[in-house]
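Fold and geometry: a report
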Amino acid sequence: MEKGSEIRSAIEELSMMVKLKPGDNHDAAGHIPTKPFLYVCNLVIQVLDKIGPTMAVLRHDINKNIQRLEMGHESDPILNSNMVEMLKKEVNEGNARKVASCSRAFVWLTRSMDFTLALIQNLAKDPEQSMEQAVEESYNLILKPWHGWISSAAFKIALKLVPDNKTFTNLLMGKDDNYETLKEDMQTFISLLMPFLEEIHTILRVYGLDRLKST
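Residues numbered from 1 in each chain as written. Predicted model: local features only at pLDDT ≥ 70, side-chain atom pairs only at ≥ 80, totals over all residues. Heavy atoms only, no water.

Details of the overall build of the protein chain
Inclusion rule: Numbered from the N terminus, helices here are DSSP runs of H or I no shorter than four residues, and strands are runs of E no shorter than two. The globule rule used here is 2.2 Å times the number of residues to the 0.38 power, and the radius of gyration it is set against is calculated over C-alpha atoms. We call a residue buried when its accessible area falls under 20% of the maximum for its residue type, exposed when it is over 50%, and partly exposed in between, using a 1.4 Å probe and counting protein chains only. Contacts between residues were defined by any pair of non-hydrogen atoms, one from each residue, lying within 4.5 Å. All accessible-area figures derive from a Shrake-Rupley calculation using a 1.4 Å probe, and residue coverage is judged against the displayed protein chains alone. Think of it this way: Lys and Arg go in the positive column, Asp and Glu in the negative one, and His and the chain ends go nowhere. Taken as the charge centre is NZ of Lys, CZ of Arg, CG of Asp or CD of Glu, depending on the residue.
Helix and strand counts for the protein chain come out as nine helices and zero strands. Seen in sequence order, the protein chain has helices and strands lined up from the N terminus as α-α-α-α-α-α-α-α-α. At 17 Å, the protein chain has a C-alpha radius of gyration in line with the 17 Å of a compact globule built from 215 residues. Principal axes of the C-alpha set define a box for the protein chain whose edges measure 50 × 40 × 25 Å. Residue burial in the protein chain is summarised as follows: out of 215 residues, 48% are buried. Within the protein chain, contacts between residues separated by at least 24 positions form 75% of all contacts whose residues are at least 6 apart in sequence. About 11,100 Å² of surface is accessible on the protein chain, with carbon and sulfur atoms providing 56% of the total. Across the protein chain, 25 positive and 29 negative side-chain charges occur, with their mean positions spaced 6 Å apart.

Things to note about the confidence of the model for the protein chain
Basically, it comes down to this: Across the chain, each position has a pLDDT score giving the predictor's confidence in that residue, from 0 to 100.
A residue-level look at the protein chain finds 94% of positions with pLDDT of 70 or above and a mean pLDDT of 89. Confidence, read as mean pLDDT per element, is least for helix 7 (residues 149–158) in the protein chain (80) and greatest for helix 4 (residues 83–93) (96).

Overview of the pattern of salt bridges
Opposite charge on two side chains lets them pair, provided their charged atoms get close. The line we're drawing: The term salt bridge refers to a pairing of a side-chain nitrogen on Lys or Arg with a carboxyl oxygen on Asp or Glu at a separation within 4 Å.
Taken as a whole, this structure holds nine salt bridges when the rule is applied. With a closest N to O distance of 2.8 Å, Asp177 and Arg8 form a salt bridge. Of this pair, Asp177 sits in the loop between helix 8 (165–172) and helix 9 (179–206) while Arg8 sits in helix 1 (residues 6–20), and the two are 169 residues apart along the sequence. Given the relative accessible area of 31%, Arg8 is considered partly exposed. Residues Glu85 and Lys88 are paired through a salt bridge, measuring 3.4 Å at the closest nitrogen-oxygen approach.

Some points on the nonpolar core
Definition in use: Residues grouped as a nonpolar core are buried Ala, Val, Leu, Ile, Met, Phe, Trp, Tyr and Cys residues, joined through side-chain atoms within 4.5 Å.
If you look at the biggest cluster of nonpolar residues, it comprises 66 residues, and the most contacted ones within it are Phe37 and Val135. Going through the elements one at a time, helix 1, helix 2 (34–49), helix 3 (56–75), helix 4, helix 5 (102–125), helix 6 (131–142), helix 8 and helix 9 are the ones with two or more residues in this core. Considering each element in turn, this core owes the most residues, 14 residues, to helix 5. When neighbours within four sequence positions are excluded, Val135 is seen to be in contact with Ile51, Met55, Phe115, Leu119, Phe155, Leu159 and Val162.

What about the state of the cysteines?
The line we're drawing: By convention in this document, the label disulfide applies to cysteine sulfur atom pairs within 2.5 Å.
Counted by the stated rule, this structure contains zero disulfides. Between Cys41, a free cysteine, and Cys102, which holds the nearest cysteine sulfur, the sulfur-to-sulfur gap is 13 Å. Exposure remark for Cys102: the relative accessible area of 10% places this residue in the buried category.

Brief notes about helix 5
Heads up, the condition is: Helices are assigned an expected span. That span is 1.5 Å times one less than the residue count.
Spanning 24 residues, helix 5 covers 34 Å between terminal C-alpha atoms, matching the ideal 34 Å at 1.5 Å per step. Burial runs high along helix 5: 22 of the 24 residues are buried.

Some details on the packing of helix 1 against helix 2
Operational definition: To get an axis, fit a line to the C-alpha atoms, keeping to the stretch in contact for a helix; angles then go from 0 to 180 degrees between the N-to-C directions. Here roughly perpendicular refers to angles of 65 to 115 degrees, roughly parallel to angles under 35, roughly antiparallel to angles over 145, and oblique to all remaining angles. Crossing handedness is read from the near helix: turned anticlockwise from the far helix by less than a right angle, it gives a left-handed crossing, and turned clockwise, a right-handed one.
For the pair helix 1 and helix 2, the least separation of the axes is 9 Å and the interaxial angle reads 165°. It follows from the interaxial angle that helix 1 and helix 2 lie roughly antiparallel. Crossing geometry of helix 1 relative to helix 2 is assigned as left-handed. Along its contact with helix 1, which presents Glu6, Ile7, Ser9, Ala10, Glu13, Leu14 and Met17, the element helix 2 presents Pro36, Phe37, Tyr39, Val40, Leu43, Gln46 and Val47.

Here we look at the packing of helix 5 against helix 6
To be explicit about the condition: Classification convention: Asp, Glu, Lys, Arg as charged; Ala, Val, Leu, Ile, Met, Phe, Trp, Tyr, Cys, Pro as nonpolar; all other residues, Gly among them, as polar.
In the contact formed by helix 5 and helix 6, the axes pass within 9 Å of each other and the chain directions differ by 140°. The pairing of helix 5 with helix 6 is recorded here as oblique in orientation. The crossing of helix 5 and helix 6 is right-handed. Mapping the contact onto sequence places Arg111, Asp114, Phe115, Ala118, Leu119, Asn122 and Leu123 in helix 5 and Met131, Ala134, Val135, Glu137, Ser138, Tyr139 and Ile142 in helix 6. Looking at the contact of helix 5 with helix 6, its residues break down into nine nonpolar, two polar and three charged.

Considerations on the side chain of Ser101
Of note, Ser101 is situated in the loop between helix 4 and helix 5. Given a relative accessible area of 4%, Ser101 falls into the buried group. Setting aside anything within four residues of it in sequence, one finds Ser101 in contact with Arg68, Glu90, Asn95 and Ala96.

Quick look at the structure:
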């Protein structure tokens, strides 16, 4: 992948998911394609990498959760091509809230994407905002309510290691891009990711998984 093209790759994947989404019937209301979802999660890791060591713990957790869902998918590739089928099975078996469940991994991957969305929204809305402030505000809004005090304290220490705004922006830019094209890409990314995450949160509420806290 060329330098700084993660947001554009995510836009392409999310656009494809919208095009391939089944029609508005009852069954389609709960359809999250597993492989494309995981592909977007991998792109989120690459965006977070650009923030540096501050995101190391979150990055590790995302990677671990991706691997868990990949294993879940491989256990029954046809049925589990729809992420919702994995949730349904674990909820019905009473395993959804267990530490090593696919459901828990899915919840935390969704929150990681919520965090990334909030961060990009912050930077798009106020390009002059300091990177440290943008990351802290996004963390406090999205992840802190679900983290224990140890995770929150570790994050606060690591916050001092974030790059400045200009450095991060330059890292996000694709080859031959400028700030205007990046700004357009950020707005497109936001407009595609937001409804996708809203749909996921609706599904999590249906299965009673939206309030899971870290163990």
